[in-house]
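Remarks on the overall topology
One-letter residues, chain by chain:
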Amino acid sequence: MRFIVTPTVVGLMTLVLLRVDFAAVFAYLRRPGLVLWLLAWLMVGAPLVAFAGVWLAEQVGFSGPLGAAFVIVATGCATTSAPAFARLVGLDAQISLVGSVLSTLIVPFTAPPLALGLLGIALPITVAGLSARLLLVVGLPLVVSLAVRRAFGEARLKPHAGAIDGAAVLLVVLYGVGVMDGILATAIARPGFVALATALGFLCNYGLNALTALAFAPFGQRIALASGLMSGNRNMALYLAVMPSDSEPDLLLFFALCQFPLFLSPFLLAPVYRRLVTPQRSP
């Protein structure tokens, strides 16, 4: 079912763009300090923090291939579904769209040198290859969503907002089916290792989430929480798509297992966000 990953991502991004308030997106882009700090933290700061954590763990005797996988996950861009997930848990979808798109644009320039410099691992991510993928998963949905908005108008689309969000959830489920292909067989064969890797995936996701929310606290509650959700939910589908077939199997396995905390984050974190978030106008 791996073949359904890219089509579902394209469909998901199209639905997300149908629900995004572009005026709010442009308002964030007029705050370059916030946007630059967001990208610097997501793409450089978080990987360095993850590397420091792995290094400390190794000093007390914890080592293995999952440490490198932990750091590589932190080098990834925000997941394409970040705006949809933010909307599901009541956070700001607009800043999530800005972070998702811009971090995807710069990941070829940040992830390979960080992975090589920190871990000695060469990530096969090229600017040309990623640009072609971006044209498909961002450019095509943008064109389609703008065409739909123009054809039907905002007033006619607004009553169907719930249906659009519901369709986005279904596409996230289909995406998960494709990404998790083969995990059950591995879990049966290596239950202990899969359990450990899954636990580490939760630590990576929610640990980065909490640290990022603290780092962005000066920008306000809603931005801090949305940034944290973005930082935890990294786009491992991109790495799964570009990594060669002879890559370290445990590395690829960890990328797939990181989908568990990602898919469960709306269910697990929504009650937390409902308690923390206070009504506030978007910028």
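For the structure itself, look to the data block above.
Presented here is a report on the structure given in the accompanying data block. Each chain has its residues counted from 1, running along the sequence as written. Local features in a predicted model are, by the rule used here, given only for residues with pLDDT of at least 70; side-chain atom pairs are given and counted only at 80 or more, and totals for whole chains, interfaces and linings are based on all residues. The basis for every side-chain value is the complete set of non-hydrogen atoms in the structure, without hydrogens or water.

1. Notes on the overall build of the protein chain
Each helix is a run of H or I in the DSSP string that is no shorter than four residues. Each strand is a run of E no shorter than two, and both are numbered from the N terminus. Looking only at helices and strands, the protein chain has 15 helices and 0 strands in total. Computed over the C-alpha atoms, the radius of gyration of the protein chain is 18 Å, within 12% of the 19 Å expected from 2.2 N^0.38 for a compact globule of 283 residues. Out of the 283 residues belonging to the protein chain, those deemed buried represent 50%. Contacts are assigned to residue pairs that have any heavy atoms within 4.5 Å of one another. Counted over contacts in the protein chain with a minimum sequence separation of 6, partners at least 24 positions apart contribute 82%. Per element, the accessible surface of the protein chain, about 12900 Å² overall, is 72% carbon and sulfur. Counted as positive: Lys and Arg. Counted as negative: Asp and Glu, with His and the chain ends omitted from the count. Charge coordinates come from a single atom per side chain, which is NZ of Lys, CZ of Arg, CG of Asp or CD of Glu. Computing the positive centroid from 16 side-chain charges and the negative centroid from 9, the protein chain places the two 15 Å apart. For the radius of gyration, the atoms used are the C-alpha atoms, and the globule rule reads 2.2 Å times the number of residues raised to 0.38. Accessibility here uses a 1.4 Å probe with only protein chains present; expressed as a share of the type maximum, an area under 20% marks a residue as buried, one over 50% as exposed, and anything in between as partly exposed. Computed by Shrake-Rupley with a 1.4 Å probe, the accessible areas treat only the displayed protein chains as cover when residues are assessed.

2. Thoughts on the pattern of salt bridges
Definition used for salt bridges: Asp or Glu carboxyl oxygen within 4 Å of a side-chain nitrogen of Lys or Arg. For the structure on display, the rule yields 2 salt bridges. In this structure, R190 engages D250 in a salt bridge whose closest nitrogen and oxygen atoms are separated by 2.9 Å. Placement of the pair is R190 in the loop between α10 (183-189) and α11 (191-215) and D250 in helix α14 (residues 249-257), with a sequence separation of 60 residues. For R190, a relative accessible area of 34% gives the class partly exposed. D250 gets classed as buried once you look at its relative accessible area, which sits at 13%.

3. Side note on helix α1 (residues 5-19)
Side chains of residues three or four places apart in an α-helix project in the same direction, reflecting 3.6 residues per turn. Spanning 15 residues, α1 covers 21 Å between terminal C-alpha atoms, matching the ideal 21 Å at 1.5 Å per step. In terms of residue burial, α1 counts as a mostly covered element, since 11 of its 15 residues are buried. Listing the buried residues of α1 in full gives V5, T8, V9, V10, L12, M13, T14, L15, V16, L17 and L18. Each helix should span, by expectation, one fewer than its residue count multiplied by 1.5 Å.

4. Remarks on helix α9 (residues 161-179)
Taking 1.5 Å per residue as the helical rise, α9 with its 19 residues ought to reach 27 Å, and the 27 Å between its terminal C-alpha atoms agrees with that figure. Within α9, burial applies to A161, I164, A168, L171, V172, Y175, G176, G178 and V179. On an axial view of α9, the arc spanned by its buried residues comes to 155 degrees, and they lie on one face. Opposite its buried face, α9 presents the exposed residues G162, A163, L170 and V173, each directed more than 90 degrees away. Working definition: the arc comes from the directions between the helix axis and the C-beta atoms, pointing outward to the latter.

5. Points about the nonpolar core
Most often, soluble globular proteins keep nonpolar side chains buried together rather than apart. Residues L91, L229, Y239, F254, F255 and Y273 are the most contacted members of the largest nonpolar core, which totals 86 residues. In terms of residues, this core owes the most to one element, helix α3 (residues 32-59), which gives 10 residues. Definition of nonpolar core: a set of buried residues of the types Ala, Val, Leu, Ile, Met, Phe, Trp, Tyr and Cys, connected through side-chain atoms within 4.5 Å.

6. Quick notes on the side chain of R234
Inspection of the secondary structure puts R234 in the loop between α12 (221-232) and α13 (236-242). Although R234 is buried, it forms no salt bridge, and the closest oppositely charged side chain is D92 at an N-O distance of 18 Å. Pairing of N or O atoms within 3.5 Å defines a polar contact, subject to two protein rules: one partner must be a possible hydrogen donor and the other a possible acceptor, and residues neighboring in sequence count only if both atoms are side-chain atoms. Separated by 2.6 Å, the side chain of R234 and the backbone oxygen of S231 make a polar contact. Residues within four places of R234 in sequence aside, it is in contact with L42, M43, A46, V73, A74, T75, G76, C77, T79, L208 and L262.

7. Let's talk about the packing of aromatic side chains
Here a pair means two rings of Phe, Tyr or Trp (six-membered ring of Trp) with centres within 6.5 Å. Their orientation is stacked below 30 degrees between planes, edge-to-face above 60, and tilted elsewhere. The tally for this structure, following the rule as stated, stands at 5 aromatic pairs. Ring centres 6.1 Å apart and planes at 75 degrees place the aromatic pair Y175 and F263 in the edge-to-face group. Here F263 lies in helix α15 (residues 259-276) and Y175 lies in helix α9, a separation of 88 residues in the sequence. Given the relative accessible area of 25%, F263 is considered partly exposed. A centroid spacing of 5.7 Å and a plane angle of 35 degrees characterise the contact between F216 and F219, whose relative ring orientation is tilted. You can call F219 partly exposed: its relative accessible area is 28%.

8. So, the side chain of R149
Structurally, R149 can be placed in helix α7 (residues 127-152). When its relative accessible area of 12% is taken as the criterion, R149 is described as buried. With sequence-adjacent residues up to four places away left out, R149 is seen in contact with L17, L18, R19, V20, F22, E154 and L157.

9. A few points about the packing of α3 against α11
Every angle, taken between N-to-C directions, lies between 0 and 180 degrees, and every axis is a line fitted to C-alpha atoms, over only the stretch in contact when it is a helix. In contact at an axis separation of 11 Å, α3 and α11 are set at 135 degrees when each is read in the N-to-C sense. Judged on the interaxial angle alone, α11 and α3 are oblique. You can see that α3 and α11 cross each other, and the crossing is right-handed. Every residue of α11 that contacts α3 at W37, W41, A46 and V49 is listed here: L208, L211, T212 and A215. Throughout, the ten residues Ala, Val, Leu, Ile, Met, Phe, Trp, Tyr, Cys and Pro are labelled nonpolar, Asp, Glu, Lys and Arg are labelled charged, and all others, Gly among them, are labelled polar. Grouping the constituent residues of the contact of α3 with α11 by class yields 7 nonpolar, 1 polar and no charged. Angles are sorted into four bins: roughly parallel if under 35 degrees, roughly antiparallel if over 145, roughly perpendicular if 65 to 115, and oblique for all others. What makes a crossing left-handed is the near helix being turned counterclockwise from the far one by less than a right angle; a clockwise turn instead makes it right-handed.

10. A few points about the packing of helix α4 (residues 65-75) against α11
Remark: α4 packs on α11, axes separated minimally by 11 Å, with the N-to-C direction vectors making an angle of 35 degrees. The chirality of how α4 crosses α11 is right-handed. Across from L66, F70, V73 and A74 in α4, the residues of α11 making contact are F193, L196, A197, L200, L203, C204 and L208. Tallied by class, the residues present in the contact of α4 with α11 amount to 11 nonpolar, no polar and no charged.

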